[in-house]
Amino acid sequence: LQLEGSNLSPEIPRLFKKMSMNDADERVRLMAEKVYASALKKEDNKDALSLFTVPEDCPIGLHEDRERALQKELAEEQSEKSVKRRKNFLQKRSVSLQLPDDWIRSAASPVPTPGTSDLFPLELFPEFQRVTISGDYCAGITVGEYEKAAKDLLHALRIREKYSKLAYHRFPRTAARFLRDADNVKWSEEDEVLPNIWPSPQEGEDPFSMEGIPENLNFELKMKDGIVHVYTDAEALKQDRPLNLPYPDLETFAIDLSHVLAMIADGPTKTYCHRRLKFLASKFYLHEMLNEMAELKELKSVPHRDFYNVRKVDTHIHAAACMNQKHLLKFIQTTYHTEADRVVLEKGGQKITLKQVFDNLHMDPYDLTVDSLDVHAGRQTFHRFDKFNSKYNPVGASELREIYLKTDNYIKGEYFARLIKEVAAELEESTYQFTEPRLSIYGRSASEWESLATWFIQHKVHSPNMRWMIQVPRIYDIFRSKKLIPNFAKMLENIFLPLFEATVNPQKHKSLQLFLKYVTGFDSVDDESKHSDHMFSYKSPKPEEWTTDDNPPYTYYLFHMYANIMVLNNLRKRGTPWTESQSIAGQISPSDSHVFGLWEEARVPGENPRMTGRTCKLHAERSQAGKPTQDLLAPRQQL
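Each value, and the rule that gives it
- Residues numbered from 1 in each chain as written.
- Predicted model: local features only at pLDDT ≥ 70, side-chain atom pairs only at ≥ 80, totals over all residues.
- Heavy atoms only, no water.
- Helix = DSSP H or I, 4+ residues; strand = E, 2+ residues; numbered from the N terminus.
- Buried < 20%, exposed > 50% of the residue type's maximum accessible area, 1.4 Å probe, protein only.
- Areas by Shrake-Rupley, 256 points an atom, 1.4 Å probe, with all protein chains shown as cover.
- Axes fitted to C-alpha atoms, helices over the stretch in contact; angles between N-to-C directions.
- Parallel < 35°, antiparallel > 145°, perpendicular 65-115°, else oblique.
- Left-handed = near helix turned anticlockwise from the far one by under 90°.
- Contact = heavy atoms within 4.5 Å.
- Pairing = 2+ DSSP bridges.
- pLDDT = per-residue confidence, 0-100.
- Expected span 1.5 Å × (residues − 1).
- Bend = angle between axes of the 7 residues up to and from the residue.
- Phe/Tyr/Trp six-rings, centres within 6.5 Å; stacked < 30°, edge-to-face > 60°.
- Lys NZ or Arg CZ within 6 Å of the ring centre and 35° of its normal.
- Salt bridge = Lys/Arg side-chain N within 4 Å of Asp/Glu carboxyl O.

Peer 1: Describe the overall build of the protein, naming the residues involved and giving the relevant values.
Peer 2: What the protein contains, in helices and strands, is 21 helices and nine strands. Taking all 639 residues of the protein together, 43% fall into the buried category. By element, 53% of the accessible surface of the protein is carried by carbon and sulfur atoms, the whole surface being about 34,800 Å².

Peer 1: Which residues make up the environment of tyrosine 272, and what values do they have?
Peer 2: Position of tyrosine 272 among the secondary structure elements: in helix H8 (residues 267–300). Through-space distance from the C-alpha of tyrosine 272 to that of threonine 142 is 10.0 Å; in sequence the pair is 130 residues apart.

Peer 1: Go over the packing of helix H4 (residues 143–166) against helix H5 (residues 173–182) with me, naming the residues and quoting the values.
Peer 2: Between H4 and H5, the shortest axis-to-axis distance is 11 Å and the interhelical angle comes to 120°. The angle between H4 and H5 falls in the class oblique. Note on packing geometry: the crossing formed by H4 with H5 is left-handed. Residues Leu154, Leu157, Arg158, Glu161 and Lys165 of H4 form the contact with H5, whose own contacting residues are Ala176, Leu179, Arg180 and Ala182.

Peer 1: Which residues make up the pairing of strand E4 (residues 343–347), and what values do they have?
Peer 2: Pairing geometry for E4 and strand E5 (residues 350–353), over four bridges, is antiparallel. Across the sheet, residue lysine 347 finds its bridge partner in E5, namely glutamine 350. Following E4, the chain reverses through two residues before pairing antiparallel with E5; glycine 348 in that reversal takes a positive phi of roughly 60°.

Peer 1: An account of the pairing of strand E2 (residues 227–231) is requested, with residue identities and associated values reported.
Peer 2: Within E2, five of the five residues are buried, which leaves the element mostly enclosed by the surrounding structure. Residues of E2 alternate between two faces, with Ile227, His229 and Tyr231 on one and Val228 and Val230 on the opposite face, all of them buried. Relative to E2, strand E1 (residues 220–224) runs antiparallel, the two sharing five bridges. Directly across from lysine 222, in E2, lies its bridge partner histidine 229. Connecting E1 to the next strand, E2, in antiparallel fashion are two residues, including aspartate 225 with a positive phi near 55°.

Peer 1: So, the packing of helix H17 (residues 488–504) against helix H19 (residues 554–571): which residues are in play, and what are the values?
Peer 2: Interhelical geometry of H17 versus H19 gives an angle of 10° and a closest axis separation of 11 Å. Here H17 lies roughly parallel to H19, going by the angle between them. Both H17 and H19 take part in a crossing whose hand is right-handed. Each of Phe488, Met491, Leu492, Phe496, Leu499, Phe500, Thr503 and Val504 in H17 lies in contact with H19, whose residues at this interface are Tyr556, Tyr557, His560, Met561, Asn564, Ile565, Val567, Leu568 and Leu571.

Peer 1: I'd like a rundown of the environment of lysine 148, residues and numbers included.
Peer 2: Secondary-structure assignment places lysine 148 in helix H4. Relative accessible area serves as the criterion here: at 33%, lysine 148 is assigned to the partly exposed category. The sequence separation of lysine 148 and methionine 263 amounts to 115 residues, and the corresponding C-alpha distance is 9.8 Å.

Peer 1: Before we move on, can you summarise the confidence of the model for the protein with the specific residues and values?
Peer 2: For the protein, mean pLDDT is 76; residues scoring 70 or higher make up 67% of the total. Ranking the elements of the protein by mean pLDDT puts helix H21 (residues 613–624) last, at 35, and helix H15 (residues 448–458) first, at 95. Low pLDDT (under 50) marks residues 46–57, which in the prediction has three contacts with non-local residues, meaning those over four places away or in another chain.

Peer 1: An account of H8 is requested, with residue identities and associated values reported.
Peer 2: Compared with an ideal rise of 1.5 Å per residue, which puts 34 residues at 50 Å, H8 spans 46 Å between its outermost C-alpha atoms and is within 8% of the ideal. Where H8 bends most, at asparagine 291, the angle is about 70°. When we look at burial in H8, the residues that qualify are Thr269, Tyr272 and Asn291. At its buried positions, H8 is contacted by H4 and helix H7 (250–265).

Peer 1: So what's going on with the packing of aromatic side chains? Which residues, and what values?
Peer 2: Throughout the structure, instances matching the rule amount to 25 aromatic pairs. With a centroid separation of 5.8 Å and an interplanar angle of 25°, the aromatic rings of phenylalanine 416 and tryptophan 455 are classed as stacked. Residue phenylalanine 416 is found in helix H14 (residues 414–430), and its partner tryptophan 455 is found in helix H15; the two are separated by 39 residues along the sequence. Summarising the burial analysis for this pair, phenylalanine 416 and tryptophan 455 share the class buried. Both rings, one in phenylalanine 488 and one in tyrosine 556, keep their centres 5.5 Å apart while their planes meet at 55°; by these two values the pair is tilted. Separated by 68 residues along the polypeptide, phenylalanine 488 in helix H17 and tyrosine 556 in helix H19 bring together distant segments of the chain. Exposure class is identical for phenylalanine 488 and tyrosine 556. Each is buried. Through successive ring pairs, a cluster of aromatic residues spans Tyr163, Phe253, Tyr476, Phe488, Phe536, Trp546, Tyr556, Tyr557, Phe559 and Tyr562. Stacked on the ring of phenylalanine 307, the Lys or Arg lysine 312 has its end atom at 5.1 Å from the ring centre.

Peer 1: Pulling in residues and values, what's your account of unusual backbone geometry?
Peer 2: With a phi angle near 60°, asparagine 218 is a residue other than glycine that sits in the positive phi range. With respect to the element layout, asparagine 218 can be found in the loop between H5 and E1. Unusually for a residue other than glycine, aspartate 240 sits at a positive phi of about 55°. When you line up the elements, aspartate 240 lands in the loop between helix H6 (234–238) and H7.

Peer 1: Go over the pattern of salt bridges with me, naming the residues and quoting the values.
Peer 2: Applying the stated criterion to the full structure yields 18 salt bridges. In this structure, the salt-bridge partner of lysine 162 is aspartate 256, at a minimum N-O distance of 2.7 Å. Placement of the pair is lysine 162 in helix H4 and aspartate 256 in helix H7, with a sequence separation of 94 residues. We classify lysine 162 as partly exposed; its relative accessible area is 26%.

Peer 1: Just give me the short version of H17, but keep the residues and values in it.
Peer 2: Between its first and last C-alpha atoms H17 spans 24 Å; for 17 residues at 1.5 Å apiece the expected length is 24 Å, and the two agree. In the structure, H17 departs most strongly from a straight axis at asparagine 494, where the bend amounts to approximately 35° and where the proline proline 498 lies between one and four residues downstream. Counting buried residues along H17, 14 of its 17 residues qualify, which places the element largely inside the surrounding structure.

Okay, structure coming up:
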C-alpha cells in the first residue's frame, strides 16, 4: 500500500471544497424545505380517502391549465426580449448539434471519425432510416423558463460529477464531455477518474494466497463527527493534523442537497423533463418502427452470439437468494438424508441435530415441495417489506434460515457456503453468466468483518464469476431500542473502522485484506416506504449526539456512508481494490432518496435489467484477462 497524494492530477484536487450557508441562495434553501414539508404531508395523508377528491386529470382543470399556458406563451412570443433570446438560443442550438472535428470515438459514441476509418469502415454501420426534426423550438414552456431549467439541470450534473470524482467513482464519459463543452474547456481522456480494478486471479493462481500483502503503515485512526480521520502518528493525532484527504463537509453537502431539492420543486423544470422524456421515448418507438427489420437482420448476422452466448451480470441479488427454489429444496433434502444426526444448532445451551430441528417443526423434508417451501417473492410482497423479509425463512421457520442461509452460526456457515459454491459452479459451467451477490454487515459489532472474511476464506467461496457487495440495513433503531449501541456513531464505527484498520495495518488483518480484494461496493437497504420526520440539514445532530431510538433519515445514512467511502478510496489509492457506494431508490422512495441516488450512481430506479458501474468492472476484468467481451445484460434471478 502506497499513499501518493503529491502525484495526483492537478485538475482534480483531493480536497473537499467547502461552502458556507451564507453563500447559499436563501430562495433555494426555502424551496428545499418546502419540498420536504410536501413529502411529509403526502406521507401523512397517503392512506386518507375523500369522497369529494377531484382527480388530478380532471378534463376541465387540464383544459384551463392548457389555456393559461398558451396565453402565457403567446405573450412571451410577442415581447422583443423574447424574440432576441429565441434567436440567440437557436444559434446556440445549431452550434451544439455540430459534431466537433476532434471528437474521439468511444464506447459512449458509435460515430466514427475520419481518423478511424480504417478501424471502423462505414460498411459496418447499417443504413438505418433516420428522423430529422426541424422548425421552431417547442418544449411546453417559455424560452426563459427553458433557460432556467437547462441551467438547473446542468448544475445538478456538475454536483454529481463532483461527488463521483472525489470518491473515485465512475462518471459517464458522454456527460463529462458536454459539461466540458458548456465550460468551453476541451475534454481529454486523462481527465477521467476511474476506480482501480482488481483483476481476477489467473488460471492456476491461488485466489486465497496471502503473499504480497503490504507492510503496516501504523497510522492512527479516529472517528470524528461520524467520519474516520487518518493521522500519520500519535503526535499528529494529538495536534489534530489529519492526512491530506478529502474529508467531506456537512454544510457544503446541505447546500448541494438544497439546490437539487429546489430543482425538483420547480414547475417549469418538471414540465420540461416530462415532455423531454416522452419525446425521447416516442422517437425511439418511431426508430423501432422504421428500422426493426434492419436491426433484426444485423442481429442475425453476428456469429455465435445470442441471449445464451452473451455475458450477463446480475448486479442486484442477495447471496441468500442466489439459488432458485428447487435448488434450495434439493439441498435441504440431501443434507437431511446424509447428515440428519449432525449438530447444527444451539439454543439455551442445548445442542440440536438436524433431525431434531425438523421434528420440532413437525415436518418431514421429503414431504416438502417448492410451494410449501414458500420462498418465492410474488405479487403479495409488492410494497410489503415485512412479507418480503419473511420469504427468506424457508417454510416460515427462522431456524432453517439460521442453519442454511447464515454465515455466522453453529456450523460456521458451512451449508450456506456449499449452496453458494454450487451456484458458482453452475455459473462457471455456463461461461457467460456472472453475479454480484450481497452479504450483510449490520454494524452491531466491529467483529462482523473478521467473521465474514474468515467464513469466505475457510470455506473457499471465491469464484471467478462472482464479486461481492456489502449491504448495510438501516436498522439503527432496532439496535438502539435493545441497548446494543449507545449512538449512531458507534454503528458507523463498527462498519467502517475495521476497513481503515485493514488498510493501514494489512499485516494485522490478513483475512480481511484478502476478502476486500473481491468486494466491489456498499449497498444501503431498508423498507423504502418508511419516512423519517427529521429533515437532514447542517443543523442535524452529529452521529455522536444521535442517541434517540428514532432511525436517522435516509440521507443521513447515505451521507455518512458516502463520506467514509470517499476517505477510504482516497486512502487506498494505490495497490488495493476500491469500494463504491450504491443506493436503492425505488418508486415508493421519498424525494430525498432519489436526490442521493442521482449523486451515487448511474441508475434508473426500478429499471430491469440494471446496468451499473459494477457491471463494467467485471467486463473490464475479463478484458484484462484476455477474454472476449460482449454486451452485458443483467437479468433477475431471485427466489
